[in-house]
Each structure stands twice: as structure tokens, then as C-alpha cells.
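Structural description and commentary
Take a look at the letters that make up each chain.
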Amino acid sequence: QVQLVESGGGSVQPGGSLRLSCAASGRFISINVMGWYRQAPGNQRELVATITSGGSTNYADSVKGRFTISRDNAKNTVDLQMNVLRTEDTAVYYCKAGVRMSDFNWYEYWGQGTQVTVSS
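Structure report, in brief. These numbers were taken from a predicted model, which means no experiment stands behind them.

Our focus in this paragraph is the environment of Arg27. With respect to the element layout, Arg27 can be found in the loop between β3 (18-26) and β4 (30-39). Assessed through its relative accessible area of 64%, Arg27 is described here as exposed. Taking C-alpha positions, Arg27 is 7.4 Å from Ser102, a pair spaced 75 residues apart along the chain.

In C-alpha cells, the structure reads:
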């Protein structure tokens, strides 16, 4: 019923920048919180940044000052601008959305993930 499609992943050198985008599509009433999570090999999936429909943001300490999350409510998209990338930022990045469906219940949806590799 809901699909989240990420784009913008790739390989970049340390200190470089990358912009991830996520588009939500399907049948739903509204989207509340959207966010980005990441998972490196052998690690648990961790929060990177979230943003509410009202624009309130939350960032992991490790990315504060370097990453910026934004969204377009009209287009149901969320972006993650990543600057000054470090090798430790290497991970699969996943888009997440809290979606209110036609039954008026809230559900959590995840994208398939996009690989971000930071190396020299």
C-alpha cells in the first residue's frame, strides 16, 4: 500500500557530500514523521535524523552539524544532505515513514535502502 523509494546513494571520498532522497507513494491519509536510519555491516540499525510534518528535526550526535534533513509535505519526499562525509558514515541508509492509512491507524514503513560508501 505504501512504497518508499530511496535514491542518491553512491561512493564518495572523505570530506565529500551526498544527497539522499526518499519518495513515498501509495494510498494513505497523511505522513507524520519521516526519517533516515543506517546500518553498517555487523551493526544494529541506528537513527540518523528524523523530521516531523511540522518541520521539527532530530539528529544523531554523530551527524550533527554535517547532515541536514528536510521534507516536502506536498510531494511526500524527505531528503538528507550529507556533508563532510567520513568513512564511518559508510552504511546502508534506509528511509522510514510513519503513515496514517485509510483505516485511520498508523503504520511504519521502510524503504529498501541505498548504499553509501565513503572511502579514498
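Another point: the nonpolar core. The biggest cluster of nonpolar side chains holds 31 residues, and the ones touching the most others in it are Trp36, Leu80, Met82 and Tyr93. Secondary structure elements with two or more residues in this core: β1 (2-7), β3, β4, β5 (46-51), β7 (67-72), β8 (77-82), β9 (91-100) and β11 (114-118).

Next up on the list: the state of the cysteines. This structure, assessed with the given rule, holds one disulfide. The disulfide that involves Cys22 links it to Cys95, with 2.1 Å between the sulfurs. Between Cys22 and Cys95, the S-S dihedral sits near -85°, and the bridge is therefore left-handed. In this pair, Cys22 is assigned in strand β3 and Cys95 in strand β9, connecting sequence segments 73 residues apart. Like Cys95, Cys22 is buried.

About the cut-offs
- Residues numbered from 1 in each chain as written.
- Predicted model: local features only at pLDDT ≥ 70, side-chain atom pairs only at ≥ 80, totals over all residues.
- Heavy atoms only, no water.
- Helix = DSSP H or I, 4+ residues; strand = E, 2+ residues; numbered from the N terminus.
- Buried < 20%, exposed > 50% of the residue type's maximum accessible area, 1.4 Å probe, protein only.
- Core = buried A, V, L, I, M, F, W, Y, C linked by side-chain atoms within 4.5 Å.
- Disulfide = S-S within 2.5 Å.

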